[in-house]
Amino acid sequence: MADWQKVFTPDTPLLEIVVRGSVIYLALFLLLRVLLKRESGTTGVTDLLVIVLIADAAQNGMADDYTSVTDGIILVSVIIGWSYLLDAVAYRWPAAARIIHPRPLMLVRDGRILRRNMRRELVTEEELLGQLREQGVADLADVREVRMESDGQFSVITRGGDQPHKKPGRRGAA
């Protein structure tokens, strides 16, 4: 017979769950924001982070790594809370928004590759040219600008003013 008190009574102190969830969320947010911006594709980094952490936290609650379901629910709530709080802070304060949702980074201006910016995001010339080809641009001279958006996608504006659809930027794409 199930021990219902064990299932619903937290066995980990509430503050410990909040601190652990907060530290992991914020550490992963910073790592993903700084190191893996291009890897997130069409899913935003915070969305990806929330999905992964919620899945893990929920799995812990369901798989009995925690002895109570309440521990898992509290941890999922902490993760969702941080995601909401960071979005709210970015909405309310522009200075924080630049950190939480960085501005697009220009990679090409008037047909010229901005190598310093490409080095900053570890984008190779081959990857850039591959992204241009995927968007129907055959010649770099036809490009007014290419920007890497905060979600890792490349936006291309040609000299004619046409803007092909944004395509996800991924490592190894060529």
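Our subject is the structure that appears above.
Rules of the game
Residues numbered from 1 in each chain as written. Predicted model: local features only at pLDDT ≥ 70, side-chain atom pairs only at ≥ 80, totals over all residues. Heavy atoms only, no water. Helix = DSSP H or I, 4+ residues; strand = E, 2+ residues; numbered from the N terminus. Buried < 20%, exposed > 50% of the residue type's maximum accessible area, 1.4 Å probe, protein only. Core = buried A, V, L, I, M, F, W, Y, C linked by side-chain atoms within 4.5 Å. Contact = heavy atoms within 4.5 Å. Salt bridge = Lys/Arg side-chain N within 4 Å of Asp/Glu carboxyl O. Phe/Tyr/Trp six-rings, centres within 6.5 Å; stacked < 30°, edge-to-face > 60°.

1. Examining the environment of Ala96
Summarising the element assignment, Ala96 is placed in helix α5 (residues 94-100). Residues Ala96 and Leu86, 10 residues apart in the sequence, show an inter-C-alpha distance of 8.7 Å.

2. A few points about helix α7 (residues 125-134)
Residues separated by three or four positions in an α-helix point in the same direction, a consequence of the helix having 3.6 residues per turn. All of the buried residues along α7 are Glu127, Leu128, Gly130, Gln131 and Leu132. One or two positions beyond α7, positive phi appears at Gly136, with a value near 85°.

3. Structural notes on the nonpolar core
Across soluble globular proteins, nonpolar side chains have a tendency to be buried as a group. One finds Tyr25, Phe29, Leu49, Ile79 and Ile100 to be the most contacted residues of the largest nonpolar core, which totals 19 residues. For this core, the secondary-structure elements that each account for two or more residues are α2 (14-35), α3 (45-62), α4 (69-92) and α5. Tallying contributions element by element places α4 first for this core, with 7 residues. Counting residues in each nonpolar core, the second largest holds 15 residues, with Leu107, Ile113, Leu128 and Phe154 among its members.

4. Some thoughts on the side chain of Thr158
Assignment of secondary structure puts Thr158 in strand β4 (residues 153-158). Ignoring any residue separated from it by four or fewer positions in sequence, one finds Thr158 in contact with Val137, Asp142, Val143 and Arg144.

5. Details of the pattern of salt bridges
Enumeration according to the criterion identifies 4 salt bridges in this entry. Across the salt bridge formed by Arg115 and Glu125, the nearest N and O atoms sit 3.2 Å from each other. In this pair, Arg115 sits in helix α6 (residues 115-120) while Glu125 sits in helix α7, placing the two residues 10 residues apart along the sequence. According to the relative accessible area criterion, Arg115 is partly exposed, its value standing at 45%. Glu125 gets classed as partly exposed once you look at its relative accessible area, which sits at 31%. Between Glu145 and Arg147 there is a salt bridge; the shortest N-O distance is 2.7 Å.

6. A closer look at the packing of aromatic side chains
Aromatic rings considered in pairs are described by the distance between their centres and by the relative angle of their planes. If you walk through the whole model with that rule in mind, you get 2 aromatic pairs. Arranged with centres 6.3 Å apart and planes meeting at 20°, the rings of Trp4 and Phe8 form a pair that is stacked. Pair noted here: Trp4 and Phe8 are both in helix α1 (residues 4-8), with a separation of 4 residues, about one helical turn. For Trp4, a relative accessible area of 54% translates into the label exposed. Considering the side-chain rings of Tyr25 and Phe29, the 6.4 Å spacing of their centres and the 15° angle between planes classify their relative orientation as stacked. With Tyr25 and Phe29 both in helix α2 and 4 residues apart, the pair spans about one turn of that helix. Given the relative accessible area of 0%, Tyr25 is considered buried.

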